[in-house]
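# Chains, contacts and geometry: an overview
The primary structure of each chain is shown beneath.
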Amino acid sequence: MSAKTASLESRIRQQWDQLSLHEQRLADVLLAAPGQLAMNTATELAQSAGVSKATATRFFRHIGYESYDAARRQAREMQNSGSPLYLQAAPSASPFGTLIQNHLEKEISSLVNTFRSLEDDQLEACVEAIANARRVVVMGWRHSQTIAMLIYRDLIHIHPDVRLLPRAGDSLAEHLATLGPQDVVICVGLRRRMPVLETAMSALADMQVPMLYISDVLAGKPAKYASWVLRCHTDVNLIFDSTVALSGVCNLLCSLVARSMGKTGSYHLASIETLHQSLEELE
């Protein structure tokens, strides 16, 4: 990492011993919640640390930024990328009950806004494609795989051939090579996406494999390869992105696929239930 692209935290730790006591006080405030830099002016930040604006200005130049605004731009980029460290707010004096109420209202807003943004024609088209696909592959990395797993766990009850990728010990090529236009891949790509997602989707597009892409509102580069894109609101007031709207959309998607598959899905589910009983797998 070059000096110009080094993170705020790295710069502070590298220069710590050369900082004055007042600058170290400001550094402590920023290390506790770097996201403040994206939200506050230099004056507000200085006040929160109990130092002068001049100290704040010197501090940012001291750790290698051209100006306060340059540091602020970098912090905003980190927020937009979904870094939990930069989404974490400074400790709030709000009552605990107020935090809970605000969180609830934000979650409800995310769910409502996401469902309002759904386009009936697009949703119906991807539901029919999944229901009629020879094989369905659900793909996601890091926290996106948690959402991919939700989809997989539902679809496996109604569709005869559903697979979750990536799998430990396997390469993607070993699984993607068998796919074609008669299949569907559901790609989950929440912010802080790994580059391998775009690479895989590019390869699948070349193979003419239809893709449904489920993402946050800022879908990013992979969206251009998808046949259908479902964007979900994930912003919250606290540190971690919301998954409420994602869970709701996934539940709706899989329920509609089950409805579309009709008797075929019901027969598959009945066979599974019969085996559950004979194998005594469930209480």
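One can find the structure itself at the top, above this paragraph.
The rules behind each value
- Residues numbered from 1 in each chain as written.
- Predicted model: local features only at pLDDT ≥ 70, side-chain atom pairs only at ≥ 80, totals over all residues.
- Heavy atoms only, no water.
- Helix = DSSP H or I, 4+ residues; strand = E, 2+ residues; numbered from the N terminus.
- Rg over C-alpha atoms; globule rule 2.2 N^0.38 Å.
- Contact = heavy atoms within 4.5 Å.
- Lys, Arg positive; Asp, Glu negative; His and termini not counted.
- Charge placed at Lys NZ, Arg CZ, Asp CG, Glu CD.
- Pairing = 2+ DSSP bridges.
- Axes fitted to C-alpha atoms, helices over the stretch in contact; angles between N-to-C directions.
- Core = buried A, V, L, I, M, F, W, Y, C linked by side-chain atoms within 4.5 Å.
- Buried < 20%, exposed > 50% of the residue type's maximum accessible area, 1.4 Å probe, protein only.
- Expected span 1.5 Å × (residues − 1).
- Arc of directions from axis to C-beta.
- Right-handed = clockwise from strand over helix to strand, strands pointing away.
- Phe/Tyr/Trp six-rings, centres within 6.5 Å; stacked < 30°, edge-to-face > 60°.
- Lys NZ or Arg CZ within 6 Å of the ring centre and 35° of its normal.
- Salt bridge = Lys/Arg side-chain N within 4 Å of Asp/Glu carboxyl O.

### A word on the overall build of the protein chain
Along the backbone of the protein chain there are 14 helices and five strands. Expected size for 283 residues packed as a compact globule is a radius of gyration near 19 Å; at 24 Å, the protein chain overshoots this value by more than 25%. Within the protein chain, counting contacts between residues at least 6 apart in sequence, those at least 24 apart form 70% of the total. Between the centroid of the 26 positive side chains of the protein chain and the centroid of its 29 negative side chains there is a distance of 8 Å.

### Some details on the sheet that holds strand β5 (residues 228-232)
Taken in spatial order, the five strands of this open sheet run β2-β1-β3-β4-β5, and their pairing is parallel. Pairing within the sheet leaves two strands with one partner each, and these edge strands are β2 (162-165) and β5. Taking the axes of each pair of neighbouring strands and ignoring which way they run, one obtains an average angle of 15° across the sheet. Direction of pairing for strand β1 (residues 136-139) relative to strand β3 (residues 184-189): parallel, over a ladder of four bridges. Looking at β3, one finds that methionine 139 is bridged to cysteine 187. Its contacts with the sheet put helix α13 (residues 244-261) on β4 (211-216) and β5, and the angle it makes with β4 is roughly 155°.

### With respect to the nonpolar core
Counting residues in each nonpolar core, the largest one holds 34 residues, and the members touching the most others are Ile130, Val138, Ile151, Leu155, Ile186, Leu212 and Ile214. Contributing elements (two or more residues each) for this core: α9 (120-132), β1, α10 (143-155), β2, β3, β4, β5 and α13. A total of eight residues in this core trace back to one element, the largest contributor, which is α13. Contact partners of isoleucine 186, with chain neighbours within four places excluded, come to Ile130, Val136, Val137, Val138, Met139, Ile151, Leu155, Leu212 and Ile214.

### Some remarks on α9
Here α9 contains 13 residues, and its C-alpha end-to-end distance of 18 Å stays within 8% of the 18 Å for a straight helix at 1.5 Å per residue. Gln122, Leu123, Cys126, Val127, Ile130 and Ala131 are the residues of α9 that are buried. Down the axis of α9, the smallest arc covering the buried residues is 160°, so these residues share one side. Of the exposed residues in α9, the ones pointing more than 90 degrees away from its buried face are Asp121, Glu124 and Asn132. Lining the buried residues of α9 we find β1, α10, β3, β4, β5 and α13.

### What to know about the pairing of β2
Both β1 and β2 contribute to a ladder of four bridges, which runs parallel. Residue pairing across strands places methionine 139 opposite leucine 165, the latter belonging to β2. One crossover worth recording links β1 to the parallel β2 by way of α10, and it is right-handed.

### Topic: the pairing of β4
Among the six residues that make up β4, six are buried, leaving the element largely enclosed by the rest of the structure. Across five bridges, the pairing between β3 and β4 is parallel. Counted as the bridge partner of isoleucine 186 is leucine 212 from β4. For the crossover that starts at β3, traverses helix α12 (residues 195-206) and ends in the parallel β4, the hand is right-handed.

### Section: helix α5 (residues 53-62)
Since the α-helix advances by 3.6 residues per turn, residues separated by three or four positions end up pointing in the same direction. Taken together, the buried positions of α5 are Thr55, Ala56, Phe59 and Phe60. Relative to the axis of α5, the buried residues are bounded by an arc of 130° and lie together on one face. Of the surrounding elements, those touching the buried residues of α5 are α1 (8-15), α2 (21-32), α3 (36-39), α4 (42-49) and α6 (68-81). Phi turns positive, to about 105°, at glycine 64, one or two residues after α5.

### What to know about the packing of aromatic side chains
Geometrically, a pair of aromatic rings is defined through the distance of the ring centres and the angle of the planes. For the structure on display, the rule yields three aromatic pairs. Geometrically, the ring pair formed by phenylalanine 60 and tyrosine 68 is edge-to-face, given 5.2 Å between the ring centres and 75° between the ring planes. Tyrosine 68 shares its class with phenylalanine 60; the two are buried. Feature note: the residues Phe59, Phe60, Tyr65 and Tyr68 constitute an aromatic cluster, connected by ring pairs. Arginine 11 extends its terminal NZ or CZ atom over the ring of tyrosine 65, reaching a point 3.8 Å from the ring centre.

### Some remarks on the pattern of salt bridges
For the structure on display, the rule yields seven salt bridges. We note a salt bridge from aspartate 161 to arginine 135, for which the minimum N-O separation is 3.0 Å. Residue aspartate 161 is found in the loop between α10 and β2, and its partner arginine 135 is found in the loop between α9 and β1; the two are separated by 26 residues along the sequence. Of the residues examined, arginine 135 reaches a relative accessible area of 12% and is grouped as buried. The partner of arginine 163 in a salt bridge is aspartate 161, and the shortest N-O contact between them spans 3.0 Å.

Everything listed here is a matter of geometry and, on its own, says nothing about what the molecule does.
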